[in-house]
Amino acid sequence: MRRLCQLLGVSRSGYYAWRSRSESERSQYDGRLKEAMVELHQGFRRAYGARRLHQQLRKHGFTCSVRRVSRLMKEAGIHASSKGLYVWNPGRHEFYSSAGNVLGAEESADSEGKHWAGDFTYIRTGSGWLYHAVVVDLYSRRVVGWSFSRKRNSELTKSALRMALSREQPRLGCVFHSDQGIEYAAHAYRDLVAAAGLRRSMSRKTTPLDNAMVESFFHTLKTELVHLRKFENDIEAVAGIVEFIEFYNRERLHSGIGYQSPASYVRACA
């Protein structure tokens, strides 16, 4: 340690003082800003950039500059959905146009395994942001697959779908609905959906209600668990959320299915 301090031009006492120093008020405030930014960014369908997020933060009582918001957005890994809009992506246009909002043209499902939907959200832990993806059966509102990752990419969403496919047997031609995020538009994800015999469906742009049931689950998860607890690390977050999903599926009464739990609703309709 003495040698390292000499190479870096710092004193040993200064190093140890820095290491034992508590988090500064500025860093703590940055953490609160990040949490608010992620919530607002998702609430506005991940469309807002630094300037619009800055205006929303001010409306919610936060004091900060656009420059600070821009820096924290980079640290949190979020950006406006228009970023890279005109980057050439072979096959992307064909993918979107061929999918469309198939779910919107379907009649309501009369049993499980006919309509699935997926989305992901952000969970704050003491060691950083954790991404959480789910697959929900829209007939019973039951969460049939989920995954967690430090990275926001198609592997996150593919893992949730793989889990759902390993646990359930969707009907042939089951509709799988999602938003138009690259996590669901990637060729690897498209291939997995096709190989499973599912039909792709995507929300219309700027229309968050197209995937309202999954958004409803995330709202419940955050209101009843995430906002009430502080997760020190990923392990605590995953354990708590998985336990909540089991409670949500087996016990929690859902207004959309006659105040029954998803599991009870499936049994009653069998």
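See above for the structure.
Before going into details, it helps to say that this report is about the structure given with it.

Analysis parameters
Residues numbered from 1 in each chain as written. Predicted model: local features only at pLDDT ≥ 70, side-chain atom pairs only at ≥ 80, totals over all residues. Heavy atoms only, no water. Helix = DSSP H or I, 4+ residues; strand = E, 2+ residues; numbered from the N terminus. Contact = heavy atoms within 4.5 Å. Areas by Shrake-Rupley, 256 points an atom, 1.4 Å probe, with all protein chains shown as cover. Buried < 20%, exposed > 50% of the residue type's maximum accessible area, 1.4 Å probe, protein only. Arc of directions from axis to C-beta. Pairing = 2+ DSSP bridges. Axes fitted to C-alpha atoms, helices over the stretch in contact; angles between N-to-C directions. Patch = residues over 30% accessible without salt bridge, like charges linked within 9 Å, V, L, I, M, F, W, Y side chains within 5 Å. Salt bridge = Lys/Arg side-chain N within 4 Å of Asp/Glu carboxyl O. Parallel < 35°, antiparallel > 145°, perpendicular 65-115°, else oblique. Left-handed = near helix turned anticlockwise from the far one by under 90°. Nonpolar A, V, L, I, M, F, W, Y, C, P; charged D, E, K, R; others polar. Polar contact = N/O pair within 3.5 Å; in protein donor to acceptor, adjacent residues only side chain to side chain.

Before going further, it helps to spend a moment on the overall build of the chain. Scanning the chain from N- to C-terminus turns up 12 helices and five strands. Sequence separation of 24 or more characterises 63% of the internal contacts of the chain that already satisfy a separation of 6 or more. For the chain, the accessible area works out to roughly 15,100 Å², and carbon and sulfur atoms hold 52% of it.

Moving on: helix α5 (residues 66-76). When α5 is considered as a whole, its buried residues turn out to be R68, V69, L72, M73 and A76. When α5 is viewed along its axis, its buried side chains cluster within an angular range of 135 degrees and face the same direction. Exposed and facing more than 90 degrees away from the buried side of α5 are R67 and K74. G77 occupies a position one or two residues after α5 and carries a positive phi of about 75 degrees.

Read across the open sheet, the five strands follow the order β3-β2-β1-β4-β5; overall the sheet is mixed. In the strand order of this sheet, the two ends are held by β3 (142-149) and β5 (199-202), each with one partner. Each neighbouring strand pair of the sheet contributes to a mean axis angle of 25 degrees, computed without reference to strand direction. Where strand β1 (residues 115-125) meets strand β2 (residues 128-137), 10 bridges bridge the pair, whose relative direction is antiparallel. Pairing of R124 across the sheet is with W129, part of β2. Against the sheet, helix α10 (residues 212-224) contacts β1, β2 and β3, and its axis sits at roughly 30 degrees relative to β1.

Along the polypeptide, R167 turns up in helix α7 (residues 154-167). Along the primary structure R167 and V144 are separated by 23 residues, whereas in three dimensions their C-alpha atoms are 7.3 Å apart. Once residues lying within four places of it in the same chain are set aside, the contact partners of R167 are V144 and W146.

A cluster of nonpolar side chains, namely M1, L4, L7, L8, V10 and Y16, defines an oily patch on the protein surface of about 600 Å² accessible area. The dominant element in the nonpolar patch, judged by the number of residues it contributes, is helix α1 (residues 2-8), at three residues.

Next up on the list: the packing of helix α4 (residues 50-59) against α5. Across the interface, α4 lies against α5 with an axial gap of 9 Å and an inter-helix angle of 110 degrees. Looking at the two axes, α4 sits roughly perpendicular to α5. For the pair α4 and α5, the crossing hand works out as right-handed. Across the interface between the two elements, A50, R51, L53, H54 and L57 from α4 touch V66, V69, S70 and M73 from α5. When its residues are assigned to classes, the contact of α4 with α5 shows six nonpolar, two polar and one charged.

With that settled, the discussion passes to the side chain of T121. The topology assignment puts T121 in strand β1. Of the polar contacts made by the side chain of T121, one reaches the side chain of K222; its length is 2.8 Å.

One pass over the structure, following the stated rule, counts 16 salt bridges. Close ionic contact of R71 with D30 constitutes a salt bridge, the shortest N to O distance being 3.2 Å. With R71 in helix α5 and D30 in helix α3 (residues 25-43), this pair connects stretches of sequence that are 41 residues apart. Residue classification places D30 among the buried residues on the basis of a relative accessible area of 11%. A salt bridge links R150 to D234; the nearest nitrogen and oxygen atoms lie 2.9 Å apart. Highlighted residues: R150 in the loop between β3 and α7 and D234 in helix α11 (residues 234-250), separated in sequence by 84 residues.

So far we have only geometry, and geometry alone does not tell us how the molecule works.
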